[in-house]
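Below are the chains, spelled out letter by letter.
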Amino acid sequence: MNSKLYDTKSVTDFIGNVNSIQDLSADSKFLLNTLNSINESISITDLSGTIVYVNRAFLQTYGYDYSELIGKSIEIVNADDDNELQKNIRESTIKNSWQGRLINKRKDGSFFPIELNCSQIRNDDDELVGLLGIARDITDQVVAEEKLLEAKSKYHSLFKELKDAVYESTPEGKFIELNPAGMELFGINSLEELMNIDIAKEMYLHSEERENFKKVLEENGFVKNYQIDIRKRTGDVITVLETSLAIKNQEGEIIAYRGIVRDITELKKNEAKMKQMIEKIRYVNEALTKSEEKLRNTNNAKDRLFSIIAHDLRSPFNSLLNFSEFLVEDIDNLEKEEIKLFSEKIHEAAKSVFTLLENLLQWSRLQSGKIPFEPATFNMHYKINQAIKLLSNNAANKQINIVNDTNPSCIVFADEDMLFIIIENLLTNAIKFTRESGTIIFKSVVYDNHIEFSINDNGVGIAEDDLPKLFRLDTHHTTYGTNEEKGTGLGLVICKEMIERNKGKISVTSILNEGTTFNFTLPKS
């Protein structure tokens, strides 16, 4: 920018009369007073860099008297190594102008930064007659800028090094910025990918939660520890706590959200584990509270079991001994029919002993946990048919009709081997207590979470007073079948324990001389 004095005298002539203010024209006095009123340091040099004028602010800033500067080179205020820079400044100004920052030196030798604007001074004939410099002490500004730069650097370092995700986003749900920890947390691989993400649709597990979050944030201006489930780019779901601040412009409009997101997925898992542990401890405490009673009941059950063994083994063994003794001592005197009869009695006694021992073995294995529990899905209708086929001869001997009226598509989730033992036991009992030409029917009812099965016979039934004695070891209840078949009652105890092991329940209803129905439930597949 070109500058021009008010009259046509040269700068040198004007400056030569500055000390005699009374000799100046009114325009020159006005110009001089104006220059001295300006806060910036103003200097005028000739084309060789010799100082011809400085204003009052220049003298105050640099610490010189007026006489110490006039006629001296402007390099007097340069920093020790600034001579080359001053030459460049002068040459650039002679060509056009110069603007920039540099370091100057005061009279006391101290250095300070200035912002310098240099321009040309031309006379009425447009001849270049001098150079004008306007300098501003920017020490405070530089200190402030350095502090700001330091703060920005610290923020930038914190932004990059913080382990939590730090973000800035638009209210519409687009990222403006996200630190490296956030990129890693959310599984974002590039800036381009970041800019294209729709936060509400792609990151919130429940998109409506974004609107709830925005509502709270915009109403209060901030949100602290807002828990959200986030879907990472990998598809994994994490739980985070978000603390955010609404950023507003001068008009009070929200233009961005800034916040910190902390991953608390592991913390939530640990909390869940802690709750489980507390629940387990509570369960153990309850179990310990009941342990004495359970132990007492177990001992009573074992005592009762030994009583059953002693009682129920005595009768078949007596038969085995007596009939075998007859055969040994009198076989030569017995008719063929008598020998056959004794042999059948021995066979029945042996079967009774075998059944008892088989039940005892199963019960013992159940109590010791030696029967593996391997639940799986299978067709219960088909499994009932297998048991019917296995016991068909027993039913045929009494001309009993067995009907499987269960749903052909009954799929349950249970241990298949245990269920076969249960069905076999219940069907064996039904055949035992059903009269000749009777009927046994299997049925099923499907519910939401389980299936109820029933086996009904029209046999001899059970007295009402005897029903509570079933499924228990501490009471001995056994009766003879319609063909004098002997039982122990242990089979129903085994059925109950196995059904409960499979998360089911068993019950019985009966009317004496009309029949009995056993009902049990199993989980649906």
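It should be noted that the structure appears before, not after, this text.
The text that follows walks through the structure, step by step, so that each part is easy to find. What you see is a predicted model; the values in this text were computed from it and never measured.

Some details on unusual backbone geometry
For Ser437, which is not glycine, the phi torsion reads 65° and is therefore positive. If you trace the backbone, Ser437 turns up in the loop between helix H15 (416–432) and strand S15 (439–446). Positive phi outside glycine occurs at Lys503, with the angle close to 60°. Structurally, Lys503 is set in the loop between helix H16 (490–501) and strand S17 (506–511). Judged by its relative accessible area of 72%, Lys503 falls in the exposed class.

Let's talk about the pairing of strand S6 (residues 128–137)
Pairing geometry for strand S2 (residues 41–45) and S6, over five bridges, is antiparallel. Note on S6: the bridge partner recorded for Ser41 is Ala135. By the bridge criterion, nine bridges tie strand S5 (residues 111–122) to S6 in an arrangement that is antiparallel. In the sheet register, Glu115 faces S6, and the bridge partner there is Arg136. Counted along the chain from S5 to the antiparallel partner S6, the turn is five residues long, and its residue Asp126 has a positive phi close to 65°.

Some points on the packing of H15 against H16
Two numbers describe how H15 lies on H16: the axes approach to 9 Å, and their chain directions differ by 145°. Remark: the crossing between H15 and H16 carries left-handed chirality. Between H15 and H16, the contacting residues are Met418, Ile421, Ile422, Asn425, Leu426 and Asn429 on the first element and Gly491, Leu492, Cys495, Met498, Ile499 and Arg501 on the second. Grouping the amino acids of the contact of H15 with H16 by side-chain chemistry returns eight nonpolar, three polar and one charged.

Let's talk about the sheet that holds strand S16 (residues 450–457)
Strand order in this open sheet of five strands is S13-S15-S16-S18-S17, and the pairing throughout is mixed. Only two strands of the sheet have a single neighbouring strand rather than two, namely strand S13 (401–405) and S17. Each strand axis lies, on average, 15° off the axis of its neighbour in the sheet, ignoring direction. Taken together, the six bridges between S17 and strand S18 (residues 515–523) define a ladder with antiparallel strand orientation. Considered in S18, the bridge of Ile511 is made with Gly515. Across the sheet, H15 is in contact with S13, S15, S16, S17 and S18; its angle to S15 comes to roughly 140°.

Notes on the nonpolar core
Generally speaking, nonpolar side chains in soluble globular proteins are found buried as a group. One finds Met380, Ile402, Leu426, Leu427, Phe453, Phe518 and Phe520 to be the most contacted residues of the largest nonpolar core, which totals 43 residues. For this core, the secondary-structure elements that each account for two or more residues are helix H13 (380–390), strand S14 (411–415), H15, S15, S16, H16, S17 and S18. At nine residues, the largest contribution of residues to this core is made by H15. Residues contacting Phe518, with those up to four places away along its chain left out, are Leu426, Phe453, Ser454, Ile455, Leu470, Phe471, Leu492, Ile506, Ser507 and Val508. One finds Leu178, Met183, Phe186 and Ile199 within the second-largest nonpolar core, a separate group that totals 24 residues.

Reading the values: rules and limits
Residues numbered from 1 in each chain as written. Predicted model: local features only at pLDDT ≥ 70, side-chain atom pairs only at ≥ 80, totals over all residues. Heavy atoms only, no water. Helix = DSSP H or I, 4+ residues; strand = E, 2+ residues; numbered from the N terminus. Buried < 20%, exposed > 50% of the residue type's maximum accessible area, 1.4 Å probe, protein only. Pairing = 2+ DSSP bridges. Axes fitted to C-alpha atoms, helices over the stretch in contact; angles between N-to-C directions. Left-handed = near helix turned anticlockwise from the far one by under 90°. Contact = heavy atoms within 4.5 Å. Nonpolar A, V, L, I, M, F, W, Y, C, P; charged D, E, K, R; others polar. Core = buried A, V, L, I, M, F, W, Y, C linked by side-chain atoms within 4.5 Å.

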